[in-house]
Amino acid sequence: MNIKPLFYDGFVTASTGSFIALFTYLVGGLDKLFTAFVVFIFMDLLTGFLAALYKKEVESRVMFWGVIRKGVLLTLIIIAHQFDLITGNVEGFTRTAMI
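A short tour of the structure in this document, coming up. (Residues numbered from 1 in each chain as written. Predicted model: local features only at pLDDT ≥ 70, side-chain atom pairs only at ≥ 80, totals over all residues. Heavy atoms only, no water.)

## Structural notes on the overall build of the protein
And then number 1: Looking only at helices and strands, the protein has 4 helices and 0 strands in total.
And then number 2: In terms of overall dimensions, the protein is more spread out than a globule: its C-alpha atoms have a radius of gyration of 18 Å, far above the 13 Å expected for 99 residues.
And then number 3: In terms of overall dimensions, the protein has a C-alpha envelope of 55 × 45 × 20 Å along the principal axes.
And then number 4: With 99 residues in all, the protein has 15% of them scored as buried.
And then number 5: Counting contacts in the protein only where the partners sit at least 6 residues apart, residues at least 24 apart contribute 58% of the total.
And then number 6: Accessible surface, the protein: about 7800 Å² in total, of which carbon and sulfur atoms supply 74%.
And then number 7: On the protein, the mean spot of the 8 positive side-chain charges and the mean spot of the 7 negative ones are 8 Å from each other. (Helix = DSSP H or I, 4+ residues; strand = E, 2+ residues; numbered from the N terminus. Rg over C-alpha atoms; globule rule 2.2 N^0.38 Å. Buried < 20%, exposed > 50% of the residue type's maximum accessible area, 1.4 Å probe, protein only. Contact = heavy atoms within 4.5 Å. Areas by Shrake-Rupley, 256 points an atom, 1.4 Å probe, with all protein chains shown as cover. Lys, Arg positive; Asp, Glu negative; His and termini not counted. Charge placed at Lys NZ, Arg CZ, Asp CG, Glu CD.)

## As for the layout of surface pockets
To locate leftover empty space, one rolls a probe as large as a water molecule over the atoms.
And then number 1: In this structure, the largest pocket spans a volume of roughly 310 Å³.
And then number 2: Gly48, Phe49, Ala52, Val62 and Met63 are the residues nearest the centre of the largest pocket, which is lined by 15 residues in total.
And then number 3: For the lining of the largest pocket, the secondary-structure elements that each account for two or more residues are helix H2 (32–55) and helix H3 (60–87).
And then number 4: With 7 residues, H2 is the largest single contributor of residues to the lining of the largest pocket.
And then number 5: The residue makeup of the lining of the largest pocket, split by class, is 7 nonpolar, 2 polar and 6 charged.
And then number 6: As a volume, the second largest pocket reaches approximately 160 Å³.
And then number 7: If you trace the second largest pocket, you find it lined by Phe23, Phe34, Val38, Ile41, Phe42, Leu45, Val67, Lys70 and Leu74.
And then number 8: Going through the elements one at a time, H2 and H3 are the ones with two or more residues in the lining of the second largest pocket.
And then number 9: In terms of residues, the lining of the second largest pocket owes the most to one element, H2, which gives 5 residues.
And then number 10: Partitioning the lining of the second largest pocket into residue classes produces 8 nonpolar, no polar and 1 charged. (1 Å grid on protein atoms, 1.4 Å probe; cavity = no way out; pocket = protein on both sides within 12 Å on 5 of 7 lines; lining within 4 Å. Points joined across faces, edges and corners; volume = space filled by probe spheres on them. Nonpolar A, V, L, I, M, F, W, Y, C, P; charged D, E, K, R; others polar.)

Structure, rendered in structure tokens:
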């Protein structure tokens, strides 16, 4: 029996689970508002890509900067949640306002 694939599968599973847990903690949980925000992000990226395909103007540079902008939005939500934790705001007002 080859042990290497078993180790690799377990490592990938543990790494993925750890990343999801860390991300969930950093953004303050996966409530309905954040889920809707993530859905809007993916819909914006998808419709932008489809529009570029339709116009035959697909450029990786444009999509790269679009993804960077979405990453900045997620970073701002993380900062807002951490600010809520520091100030003792248990309702998450700053995070909710940022979304």
